[in-house]
Amino acid sequence: MTTPLAAQIARDYGTPALVIDMDRVERNIARIQAACDAAGVANRPHIKTHKSPLLAQMQIKAGAKGITCQKLGEAEIMVEGGLDDILISYNLLGDEKMQRLGALLQRASITVTADNPVVLSELPKAADIAGRPVPVVIECDTGRKRAGVETPAEAIALAKAMTELQGVTFAGFMLYPTESGWTEAQEFFDQALAGVRALGLEATMVSTGGSPNLKNVGKLRGATEHRPGTYIYNDRMQVAAGVASWDDCALNIYSTVVSRAGPDRGILDAGSKTLTSDTGGGLNGHGLILEHPEARIARFAEEHGFLDLTRSNTRPVVGDVVRIVPNHVCVVVNMMDEVVMVRGDEIIGTLPVAARGKLR
């Protein structure tokens, strides 16, 4: 059955549409800010989830120290929107990016990340443009096997290289431990910290992440801040990780059932270009349909979401507008130009996804 709000959204904006519940957004912001405050670490939310200067400003007003951006283009949008104190949590390479970073450093407080000497050697170019050194945190791999130095010795060597390179200053460490790997992360950090202190350096920023680790916030001794991002909206992954409930999921995809060509199947107007193909680390299907939780969004074409209704006791009809909690909300938001904001059953406006597509 289509709710009156869903019918109005379909009529006024069309589907598929991303809809955010601003009451839930505000509760999520307040809840995680309180958790960081209670743990004694600063909150530096990652804006890759919402990509909105307005929502970032709401996080700052609630008490966040600064923000995290994954890409330089996101940081440029945030600075245009009045944000300052930004950590760019990604290796930056190339003359084009150094030009942009140098220009950005003239306008805002920017800290960048490095995990190898090649990235480090590029940064003086940005410092020359900005007329001041670039603060750098060393990314440490503490179990995710993504980016980051793999040993404390590598971290210490990279910090030492900073002391021999004009235009950069050592700012500290960035870590993203696995949810169960905080003991190992502590050992890594303690050794790295001792090593840089032996060089006469101090880590003023020790940043941990992210939303799946909210149950561990403040657990690393010496951490100064935490970088959660997804918490502002939440999704199936965060519920599965035990750091959010369904009532904390502030973003739904409103989608119309456009075909019921067989008794056990149907088609949504939200395909891979809306929901994305992210399985959320092994979740069953590509999103939870709130009205029909036993139904599966089993597979995609670009504009077709294939419904498997074999285990569903209730079955939608053509024309029904359903609400979907996505597996991974961050990639879903990046697919849309705007989100529709609601409070209760009232539409209060739209919000541009300002940093959408800023992938470089």
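Residues numbered from 1 in each chain as written. Predicted model: local features only at pLDDT ≥ 70, side-chain atom pairs only at ≥ 80, totals over all residues. Heavy atoms only, no water.

Draft legend 1. View of the pattern of salt bridges. Evaluated as defined, the whole model comprises 27 salt bridges. The residue Arg100 makes a salt bridge to Glu96 at a minimum N-O spacing of 3.0 Å. One end of the pair, Arg100, and the other, Glu96, are both in helix H5 (residues 95-105), 4 residues apart, so they sit about a helical turn from each other. Measuring nitrogen to oxygen at the nearest pair gives 2.7 Å for the salt bridge that ties Glu302 to Lys273. A residue pair is termed long-range when its members are at least 10 positions apart, and Glu302 in the loop between strand S13 (296-300) and strand S14 (305-308) and Lys273 in helix H10 (residues 272-275) qualify at 29 residues. (Salt bridge = Lys/Arg side-chain N within 4 Å of Asp/Glu carboxyl O. Helix = DSSP H or I, 4+ residues; strand = E, 2+ residues; numbered from the N terminus.)

Draft legend 2. How the structure looks around the sheet that holds strand S3 (residues 67-69). The 8 strands lie next to each other as S2-S9-S8-S7-S6-S5-S4-S3, forming an open sheet whose pairing is parallel. At either end of the open sheet lies a strand with only one pairing partner, and these are strand S2 (42-43) and S3. Looking at chain direction, S3 and strand S4 (residues 86-91) are connected through 3 bridges and run parallel. Looking at S4, one finds that Ile67 is bridged to Ile86. (Pairing = 2+ DSSP bridges.)

Draft legend 3. A look at the packing of aromatic side chains. Within the structure shown, the criterion is met by 2 aromatic pairs. Seen in terms of ring centroids, Phe170 and Phe173 are 5.5 Å apart; in terms of plane orientation they differ by 75°. Their pairing is edge-to-face. In terms of burial, Phe170 and Phe173 fall into one category: buried. Through a chain of ring-to-ring contacts, three or more aromatic side chains come together here, namely Phe170, Phe173 and Phe189. Cation over ring: Lys71 sits above Tyr90, and NZ or CZ is 4.8 Å from the ring centre. Over the ring of Tyr176 we find Arg144, and its NZ or CZ is 3.8 Å from the ring centre. (Phe/Tyr/Trp six-rings, centres within 6.5 Å; stacked < 30°, edge-to-face > 60°. Buried < 20%, exposed > 50% of the residue type's maximum accessible area, 1.4 Å probe, protein only. Lys NZ or Arg CZ within 6 Å of the ring centre and 35° of its normal.)

Draft legend 4. Inspection of empty space enclosed by the protein at higher detail. A full pass over the atoms with the stated rule returns 1 cavity of 30 Å³ or more. In this model, the largest cavity occupies a volume close to 60 Å³. If you trace the largest cavity, you find it lined by Glu139, Cys140, Asp141, Thr142, Arg144, Arg146, Ala147 and Tyr176. For the lining of the largest cavity, the per-class residue count stands at 3 nonpolar, 1 polar and 4 charged. (1 Å grid on protein atoms, 1.4 Å probe; cavity = no way out; pocket = protein on both sides within 12 Å on 5 of 7 lines; lining within 4 Å. Points joined across faces, edges and corners; volume = space filled by probe spheres on them. Nonpolar A, V, L, I, M, F, W, Y, C, P; charged D, E, K, R; others polar.)

Draft legend 5. Expanded view of the pairing of strand S16 (residues 338-343). As judged from the 3 bridges shared by strand S1 (residues 17-21) and S16, these two strands associate in the parallel manner. Each residue of the ladder has a partner; that of Val19, found in S16, is Val340. Both S16 and strand S17 (residues 346-352) contribute to a ladder of 6 bridges, which runs antiparallel. Paired with Val339 across the strands is Leu351, a residue of S17.

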